[in-house]
Amino acid sequence: LTVWQLTNLDRQSVGLLLVTCLLASVLQAFKVEGSTARTSYNLSWVVYGFSLVLLGPPATMLVIVFSHTVEWIWHKYPWYIQTFNIASFAIAVTVAGVAYGLISPSAEPLSLAGSLAILSAAALFTFVNHMMVGLAVKLARGQRVVESGVLGALTLSLDAGMLCLGATGALIWLVNPYAVILVALLAILLQNVLRVPALRRQSETDPKLGIYNARYFDKACKQELKRANRFNRPLTLVMADMDLLRQVNNRYGHLAGDVVLHGVAQILQSTAGEYDTVARFGGEEFAILMPETEPKQAILIVEEMRRAIENAEIKVDTSVTPLKVSMSFGLAARNDEELSTNELMHRADLAVYEAKQAGRNRVRIYGSSVSELGNQIFEQIPVSLTEEDNQPETPGEEIARQSHVPPVEEAKQPNSPEDDAGQSNEVAPAAPATNSWQINLYVGAVVLTAITLGILFVHSGIENDWPGFIAFFLVVVLVEALAISIYVKETSVSTSAAPLLAGVLLFGPFAALFLGLGVALAAYFRQRSRLDRLLFNSSNHVIGGLVVAGLVFFLGRQLPSMPVPAQIAVSLVGSMLIFFTTTILVAGAVSLNGRQPLREVWRERFRWLAPYYLALGVVGYALIFSYLTAGLLGILVIMVPLLMLRFSQKQFIDHTKAVVSQLKNNNIRLTQQAGEINLLNEELLVVLAKATDLRDPYVMEHSLNVARYAELIAQEMDLPDTQTELVRKAGLLHDIGKLSIPDAILFKPAKLTGEEYAQIKGHAQTGADIIQECHSLAALIPIIAHHHECYDGSGYPDGLSGERIPLEARILGLADAVEAMASDRPYRRGRSPYGIVDELLKFSGRQFDPQVVQALIRVLQKQGQSVIVNSARYVEAREDMPGKHKAAPLNGQRLTTEPILATT
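Every value quoted in this text rests on a predicted model; they were computed, and no experiment measured them.

### Regarding the overall build of the chain
Counting its regular elements, the chain contains 36 helices and nine strands. In the chain, buried positions account for 51% of the 904 residues. Taking the contacts inside the chain whose residues are at least 6 apart along the sequence as the reference set, 72% of them involve residues at least 24 apart. Per element, the accessible surface of the chain, about 42800 Å² overall, is 60% carbon and sulfur.

Structure, rendered in structure tokens:
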């Protein structure tokens with residue numbers, strides 16, 4: 001067929017044919033990743049559609065041979081891959097050419113028969129090519145054509161849409177070759193559509209392990225279980241859980257745990273059957289779906305998995321020797337019961353739990369123990385892994401791998417993230433309005449404006465072109481009816497602005513009235529919204545359309561009479577006028593409802609739509625051009641890429657919803673885990689503080705009180721929350737260095753010698769050295785090290801003065817002094833708050849920072865004297881408890897049993 005096509009090649013238009021070959025080669029060499037790492041898409045199909053309509057099937061075959069040969073040289077595929085691809089295209093081109101000739105014998109593309117022939121040829125070309133690839137997949141992998149996904153709606157529509165876009169370019173070329181730039185712009189939009197399968201694949205796989213995630217597994221399980229229940233076929237579900245992975249994480253780090261999980265995932269994937277689905281179900285839990293598999297068959301495969309994991313040696317960077325791990329498995333079979341997905345998973349979970357209880361590293365089947373038959377089966381399984389992955393692929397497998405294999409169509413996910421981005425075709429209050437009269441007045445003003453403008457322009461009418469006007473009205477209603485709801489209720493994205501713009505530019509102000517009403521009516525019935533919303537949205541679109549009609553009136557010429565560059569410019573400017581008019585009016589209602597500034601609302605919710613509306617301006621002009629050159633048939637042809645744009649929006653938004661929902665759930669889990677970690681850290685700090693205070697029974701709760709005073713002072717000084725938190729944590733650990741001081745010195749009742757006092761002073765630096773071992777507490781080091789520095793430079797350990805002392809250390813030093821003065825000691829009684837304040841003022845500027853002193857005084861004025869407590873009360877209470885050793889009074893004095901001041 002290839003030779004036959006090339007022998008019939010018309011050697012006219014050699015220059016155009018050469019340019020077409022070169023363009024197709026460039027697009028063929030640079031691909032867009034498809035639904036799997038082994039599949040891809042490219043825009044060369046647009047060139048095929050262009051050459052098929054404009055140059056004929058023989059020229060199209062030459063373009064395909066040339067571009068695939070270049071790709072063959074560029075990527076160095078095995079010889080049989082590109083041979084198969086060229087051969088399958090030869091069959092598709094021949095079938096499409098025959099269909100085109102039968103439907104339109106005159107080969108006139110701008111006629112009704114020509115348009116039908118183009119659409120039929122594109123459909124047959126796509127179907128035949130996909131069927132050829134499907135047969136290769138069937139022979140290489142044993143999958144049925146339907147199961148392989150080659151006839152999925154997504155990939156069929158992608159390829160057919162690109163062919164139709166190329167055919168549209170050919171029609172435009174016949175009228176005005178320079179206007180073919182419109183097709184290039186629309187092709188750029190379709191480039192985003194081609195990325196949808198890859199985005200979908202990314203949302204279905206676990207990013208760390210490279211296998212399917214729980215979302216995809218749940219969908220696959222429901223589909224397979226439904227089929228098994230319907231036809232009463234066997235199905236086995238396997239749940240697998242790593243044994244003691246937490247010990248790996250704790251001993252070798254979480255990165256080592258990830259390496260272990262990745263190694264286990266590869267073993268499961270390589271050992272599973274060809275039709276089995278392996279997925280990561282949770283943190284360290286995996287799930288395996290085995291269709292058409294009885295438990296006695298599944299247990300052979302699962303036991304091989306278990307032994308392979310048990311014998312595997314996984315190398316990690318944090319261990320000198322490879323790690324050895326194990327996994328417990330639980331199997332549950334559908335048998336003859338009609339089970340739900342949750343019931344089947346629950347049974348498999350129970351089997352895993354039984355395997356764990358039996359000692360881990362075991363396989364259990366739900367509802368039965370390990371029988372003698374099972375033990376015999378286990379003995380027959382070889383320990384070593386198969387070498388299947390190292391065998392070269394067959395030509396059929398390689399063809400299927402390199403050909404354009406489309407993804408399997410997936411069901412829509414019911415995720416609904418509550419973000420509020422998107423084009424708002426409806427006024428959707430975020431909360432009950434407290435200024436409803438203002439909103440009603442605003443809506444009334446918008447409606448009244450639209451009615452007034454409508455009365456002024458309703459007399460313009462449509463001159464002798466009612467069929468075209470009715471066609472555009474139906475297109476507007478259809479496109480708006482297919483609008484895609486996004487994120488929040490009554491918020492949607494549609495492409496109705498393109499036919500609205502085209503209709504207004506073609507038919508004038510009268511069209512703005514009725515096309516705008518058509519958009520609002522379609523939205524009204526689609527969303528079942530209230531009548532006031534219908535009135536507002538109708539008025540909104542009518543005003544937007546009339547603004548565009550005013551642009552044409554200002555220019556003083558009808559669009560068809562303008563040069564093509566001017567027509568394109570007017571379309572782009574008109575699209576931006578519709579964008580600014582409609583979004584500002586909606587933003588005004590949102591602003592009144594939420595009491596937010598109008599500019600802020602518009603920038604947050606609508607500014608991002610500007611490039612989108614520019615693209616709609618291009619689409620709108622393509623509609624205008626096609627209608628002016630080919631009439632109603634032109635609208636029919638251009639509707640294909642327009643509906644493709646809508647399809648791409650839906651795919652992208654569905655993917656975004658799924659990703660955002662998954663991110664939201666991940667954030668919730670991370671927030672919970674972060675809260676648990678913060679709570680654990682806080683408890684550890686408190687434990688360390690109490691352990692430090694236990695060294696001296698006369699300073700019980702000392703660190704807790706110092707931390708509280710320091711926090712109150714930092715808050716009074718309006719320090720940031722992060723800085724305040726550092727001061728509080730430093731207060732809990734400021735005396736941890738005292739753990740290094742011998743009891744004989746710490747509890748010595750007599751006066752200390754110079755050497756002993758030097759050891760006491762060393763506790764600040766010792767505490768900083770201890771904290772240095774903990775990376776997460778590194779910010780506390782200078783605070784703890786310098787909390788005994790004096791403002792005049794007479795402190796220790798470094799004799800810092802003034803602002804050279806960290807502010808946090810100055811706050812902590814004062815808080816430490818306050819707590820010491822307030823609490824009883826064996827050699828003195830604690831001071832009252834008045835006495836403490838007098839002492840602080842006396843040494844302000846010498847020992848203490850005057851600003852910090854004033855901050856503490858403001859705290860006492862605001863919160864009262866009860867802020868300061870005598871921690872010796874706690875010592876007294878604990879020493880009076882039965883069975884507790886009572887400390888002997890020192891120097892003939894005793895601890896007071898009366899608190900220095902009343903406490904809350």
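### A look at a nonpolar patch on the surface
A surface patch of nonpolar side chains, about 470 Å² in accessible area, is lined by V98, L102, I103, L112 and L116. Among the elements of the structure, α5 (79-103) and α6 (112-141) are those that each provide at least two residues to the nonpolar patch. Among the elements that take part in the nonpolar patch, α5 stands out by supplying three residues, more than any other. Secondary-structure assignment places I103 in helix α5.

### Structural notes on the packing of aromatic side chains
Evaluated as defined, the whole model comprises 23 aromatic pairs. Between the aromatic rings of F510 and F514, the centroid separation amounts to 4.6 Å while the plane-to-plane angle is 40°, which identifies the pairing as tilted. Of this pair, F510 and F514 both sit in helix α21 (residues 509-527), separated by four residues, roughly a single helical turn. Using a relative accessible area of 9% as the deciding quantity, one classes F510 as buried. Put simply, the rings of W466, F469, F472, F507, F510, F514 and Y627 pair up and form one aromatic cluster.

### A closer look at helix α12 (residues 245-252)
Every buried residue of α12 is listed here: L245, V248 and N249. Take α12 and look down its axis: the buried residues cluster within an arc of 95°, on one side only. Set apart from the buried face of α12 by more than 90 degrees, the exposed residues are R246, N250 and R251. Where α12 is buried, its residues meet β3 (235-242) and α13 (254-271). Of the residues one or two after α12, G253 is the one with positive phi, at around 100°.

### Some words on the nonpolar core
Counting residues in each nonpolar core, the largest one holds 106 residues, and the members touching the most others are Y48, F125, F472, L505, Y613 and I635. Broken down by element, this core gets its largest block of residues, twelve residues, from helix α25 (residues 610-630). Core analysis: the next-biggest nonpolar cluster, separate from the first, contains 43 residues, L685, I713, A730 and L814 among them.

### Quick notes on the pattern of salt bridges
Tallied over the full model, the rule gives 18 salt bridges. Linking D735 and K738 is a salt bridge whose minimum nitrogen-to-oxygen distance equals 3.6 Å. Look at D735 and you get buried, because its relative accessible area is 4%. A relative accessible area of 26% places K738 in the partly exposed class. Taking the shortest distance from any N to any O, the salt bridge between E839 and R831 comes out at 3.8 Å. R831 sits in the partly exposed class, given a relative accessible area of 36%.

### Digging into empty space enclosed by the protein
Considering all chains together, one arrives at six cavities of 30 Å³ or more under this definition. In this structure, the largest cavity encloses a volume near 70 Å³. Looking at the largest cavity, the residues that line it are L110, T168, L171, I172, F625, S626, T629, A630, G634 and V637. At the level of elements, α8 (153-175), α25 and α26 (632-693) are the ones that each hand at least two residues to the lining of the largest cavity.

### Some thoughts on unusual backbone geometry
Here the residue pair Y796 and P797 is connected by a cis peptide bond, since its omega of 10° sits within 30 degrees of zero. Within the fold, P797 resides in the loop between α32 (781-785) and α33 (807-822). In this structure, D718 takes a positive phi of about 60° despite not being glycine. With respect to the helices and strands, the residue D718 is situated in the loop between α27 (702-716) and α28 (721-733). For D718, a relative accessible area of 67% puts it in the exposed group.

Reading guide: rules and limits
All residue numbers refer to positions counted from 1 along the written sequence of the respective chain. Predicted model: local features are reported for residues with pLDDT of at least 70 only, side-chain atom pairs are reported and counted for 80 or more only, and whole-chain, interface and lining totals are derived from all residues. Side-chain metrics in this entry use all non-hydrogen atoms of the structure; hydrogen atoms and water are not considered. Here a helix means four or more residues in a row that DSSP labels H or I, a strand means two or more in a row labelled E, and each is numbered from the N terminus. Accessibility here uses a 1.4 Å probe with only protein chains present; expressed as a share of the type maximum, an area under 20% marks a residue as buried, one over 50% as exposed, and anything in between as partly exposed. Contacts are assigned to residue pairs that have any heavy atoms within 4.5 Å of one another. Only the protein chains shown count as cover for residues, and all accessible areas are computed by the Shrake-Rupley method using a 1.4 Å probe. Note on patches: the residues involved have over 30% relative accessible area and no salt bridge, like charges join within 9 Å, and the nonpolar side chains Val, Leu, Ile, Met, Phe, Trp and Tyr join within 5 Å. What makes a salt bridge here is a side-chain nitrogen of Lys or Arg within 4 Å of a carboxyl oxygen of Asp or Glu, nothing more. Any Phe, Tyr or Trp ring, taking Trp's six-membered ring, that has another such ring centre within 6.5 Å forms a pair; planes under 30 degrees apart are called stacked, those over 60 apart edge-to-face, and the others tilted. In this description, the arc belongs to the directions extending from the helix axis to the C-beta atoms. For this analysis, a nonpolar core means a set of buried residues of the types Ala, Val, Leu, Ile, Met, Phe, Trp, Tyr and Cys, connected via side-chain atoms within 4.5 Å. The way it works is a 1 Å grid over only the protein atoms, where trapped points that fit a 1.4 Å probe form a cavity and open points with protein on both sides within 12 Å along at least five of seven lines form a pocket, and then any residue with an atom within 4 Å of a point lines it. Grid points are joined across faces, edges and corners, and a volume is the space filled by probe spheres set on the points.

Note that every value here comes from positions in space, so none of it alone points to a role or purpose.
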